[in-house]
Amino acid sequence: MRSAADHAIAIVGVGAILPDAPDAGAFWENVTAGRYSIGEVDPGRWDPALYFDADPGAPNRTYSKIGGWVRDWEWNPLGWHLPIPPKVSDAIDEAQKWAVACTRMALADYGWPQRTLDLERTAVVLGNAMAGEHHYQTSMRLSFPEIERELAAAPSYAALAPDARAAIAEELHANIEAWLPATTEDTMPGELGNCLAGRVANLFNLRGPNFVVDAACASAMAAMDASIEGLVEREFDAVITGGLDRNMSAATFIKFCAIGALSGTGTRPYREGADGFVMGEGAAFFVLKRLADAERDGDRIYAVVRGIAGSSDGKGKGITAPNPVGQKLAIERAWAKSGLTPAACGLVEGHGTSTRVGDAVELTSLMESFAGAGLRPGSVPIGSVKSNIGHLKGAAGAAGLLKATLALHHKVLPPSLGDGGPNPNLDWSAAPFAINTELREWERNGHPRAAAVSAFGFGGTNFHAVLEEHVPGRFPADRHASAAVPADIGGSSATPATPSTPDRGGPAPARPG
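Here the structure is a predicted model, which means the values were calculated and not measured.

Cut-offs used in this document
- Residues numbered from 1 in each chain as written.
- Predicted model: local features only at pLDDT ≥ 70, side-chain atom pairs only at ≥ 80, totals over all residues.
- Heavy atoms only, no water.
- Helix = DSSP H or I, 4+ residues; strand = E, 2+ residues; numbered from the N terminus.
- Buried < 20%, exposed > 50% of the residue type's maximum accessible area, 1.4 Å probe, protein only.
- Pairing = 2+ DSSP bridges.
- Core = buried A, V, L, I, M, F, W, Y, C linked by side-chain atoms within 4.5 Å.
- Contact = heavy atoms within 4.5 Å.
- Phe/Tyr/Trp six-rings, centres within 6.5 Å; stacked < 30°, edge-to-face > 60°.
- Lys NZ or Arg CZ within 6 Å of the ring centre and 35° of its normal.
- Axes fitted to C-alpha atoms, helices over the stretch in contact; angles between N-to-C directions.
- Parallel < 35°, antiparallel > 145°, perpendicular 65-115°, else oblique.
- Left-handed = near helix turned anticlockwise from the far one by under 90°.
- Nonpolar A, V, L, I, M, F, W, Y, C, P; charged D, E, K, R; others polar.
- pLDDT = per-residue confidence, 0-100.

Quick look at unusual backbone geometry
With glycine set apart, most residues show a phi of negative sign, and most peptide bonds adopt trans. With omega at 10 degrees, the peptide bond leading from tryptophan 112 into proline 113 counts as cis. On the secondary structure map, proline 113 appears in the loop between α4 (94–110) and β4 (122–127). A positive phi angle, near 55 degrees, is found at alanine 131, a position not held by glycine. A positive phi angle, close to 60 degrees, is found at lysine 411, a residue other than glycine. Here lysine 411 shows up in the loop between α17 (396–410) and β11 (412–413). Residue lysine 411 is classed as buried on the basis of its relative accessible area, which comes to 11%.

What about the pairing of strand β7 (residues 282–290)?
Burial analysis of β7 places 9 of its 9 residues in the buried class, which makes it a mostly covered element. As judged from the 8 bridges shared by strand β1 (residues 9–17) and β7, these two strands associate in the antiparallel manner. Following the sheet pairing, glycine 13 is matched in β7 by valine 287. Sheet topology places strand β6 (residues 238–245) next to β7; 8 bridges connect them, and they run antiparallel. From the neighbouring strand, alanine 238 faces β7, where its bridge partner is lysine 289.

Some remarks on the nonpolar core
Phe27, Phe286, Leu288 and Leu402 are the most contacted members of the largest nonpolar core, which totals 55 residues. When near neighbours in sequence (up to four residues on either side) are disregarded, phenylalanine 27 contacts Leu18, Ala21, Val385, Ile389, Ala399, Leu402, Lys403 and Leu406. In this structure, Ala5, Ile17, Phe285 and Val304 belong to the second largest nonpolar core, which totals 44 residues.

Brief notes about the packing of aromatic side chains
Counted according to the given criterion, the structure contains 9 aromatic pairs. For the pair phenylalanine 256 and phenylalanine 277, a centre-to-centre distance of 5.2 Å together with 80 degrees between the ring planes defines the contact as edge-to-face. On the criterion of sequence distance, the pair formed by phenylalanine 256 in helix α12 (residues 250–258) and phenylalanine 277 in the loop between α12 and β7 is long-range, its members being 21 residues apart. Note on phenylalanine 277: relative accessible area 9%, which makes it buried. Joined through ring pairs, the aromatic side chains of Trp46, Tyr51, Trp69 and Phe253 make up one cluster. Lying over the aromatic face of phenylalanine 52, lysine 65 brings its terminal NZ or CZ to 4.5 Å of the ring centre. If you follow arginine 115 out to its NZ or CZ, it ends over the ring of tyrosine 110, 5.8 Å from the centre.

Quick notes on the packing of helix α6 (residues 144–153) against helix α8 (residues 162–179)
At a minimum axis separation of 11 Å, α6 and α8 run at an interaxial angle of 150 degrees. By the angle between their axes, α6 is roughly antiparallel relative to α8. When the axes of α6 and α8 are compared, the crossing they make is right-handed. Mapping the contact onto sequence places Phe144, Ile147, Glu148 and Leu151 in α6 and Ile168, Ala169, Leu172, His173 and Ile176 in α8. Partitioned by chemical class, the residues of the contact of α6 with α8 number 7 nonpolar, 1 polar and 1 charged.

Details of the environment of proline 19
Take proline 19: it is sitting in the loop between β1 and α1 (24–33). The sequence separation of proline 19 and aspartate 313 amounts to 294 residues, and the corresponding C-alpha distance is 31 Å. Not counting chain neighbours up to four residues away, the residues in contact with proline 19 comprise Asn30, Ser37, Gly68, Trp69, Val70, Glu281 and Ile389.

Focus: the confidence of the model for the protein chain
On average, residues of the protein chain score 91 in pLDDT, and 93% of them reach the 70 mark or higher. Per-residue pLDDT stays below 50 along residues 478–513; that stretch engages in 87 contacts with residues further than four places along the chain or on separate chains.

Describing the sheet that holds strand β12 (residues 433–435)
Spatially, β5-β4-β6-β7-β1-β8-β15-β14-β9-β10-β12 is the arrangement adopted by the 11 strands of the open sheet, whose pairing is mixed. Two strands lie at the open edges of the sheet, namely β5 (210–213) and β12, each paired on one side alone. Recorded for the sheet is a direction-independent mean angle of 25 degrees between the axes of neighbouring strands. Here α4 sits on the sheet and contacts β1, β4, β6 and β7; the angle it forms with β1, its principal contact strand, is near 135 degrees.

In structure tokens:
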């Protein structure tokens, strides 16, 4: 049986493209400053005049037009010495472009190519639930024959003179083709979900396994779980993992509004007045290695993943209803795998979708899982990055993991945003948790600083992870005993600090070969 030391995985590089944040450094600045990155849709994405209706009962319309939008990011493959011709670039979905850009940032942050990385044994495992939006547009263009058929069947259209009918059909076809992308040999590989990982492996010549994991809103955490399993089993020695979501189309808004899931007013995790989640988009990537290897190689280690585990809700109340039984199983399994006790937890980065019932179910699951840890009421800060950037769906867990990782690295507790008091569906007086509302120093509680991160997916899939600050020598080389915790583990500071992320204008790693 493997020990907790065998499951210890080092996070040695990070990269991100998130709302109001073109890289991980900007994201951390925003989080520590309490920036709220939610705004109305740009009509260039989709036109609210066509799709928005404030009436929740309006058919085929969205009552929400707010989200966490990525508006500023760099795409310069030729400047980065990546062989992507402009013609191919035009056919690549933005989700794939984010995957490439974030991989480049994460590898540069790790120090590659100056630092050694065995490309033969480097994997790419990414979390994504809905690919990007490019396939919607190409499919719409290719559906014109059906549109033309229905137009021809309309009595008013059929009553027109043949020349008028032909002209209308031709003009309609020309208008559609003018704003929808053409289909070429680059279309399918540019929009397929699996090519999110495949494109990365191809461009950076990585020869470990590459694949995409879909666990809905828990996709990024599921990808990290699979990545860690591969590292523990020594199937590969390093992995690019994380999650991304670039799916904020009008159709996605309308479908979520049809089940009443979205908020049209704002994101308020764990708060009174929470009325649904606010969608966001973006990507957060990590370079992972086994802790022993990272320490041997002298890598900078942001944080250590001590345990991660998943569960299913099973039968439950329904396929979209949160189930505390399933959530509790994932939480307890992760802590058991970590070899730690919840008494060590100094921060919970929760799923926190900002629904009154969902948030209460999650908090109840956490309370029951932490019940035997002897924690004082209100002693563990809890928050959700969704209060800053919205719910990133398949990338939600990646954003939460990045926030917790950087909090551990900088030894500060970032604020969780939102107006109103705590969720009234929970007895907070009995809970060991309290919403953290200000940036403050992360005091140690007799243990190395540890954080918990949750992500729960549509369809009843749950994941929970336990992260710990890096303590050199905590696992001696013989792996039989833990070293004593130093009196001061790297110091602490409540000053908002930018992590050592890739320089925003720095040199790009060149493709080897």
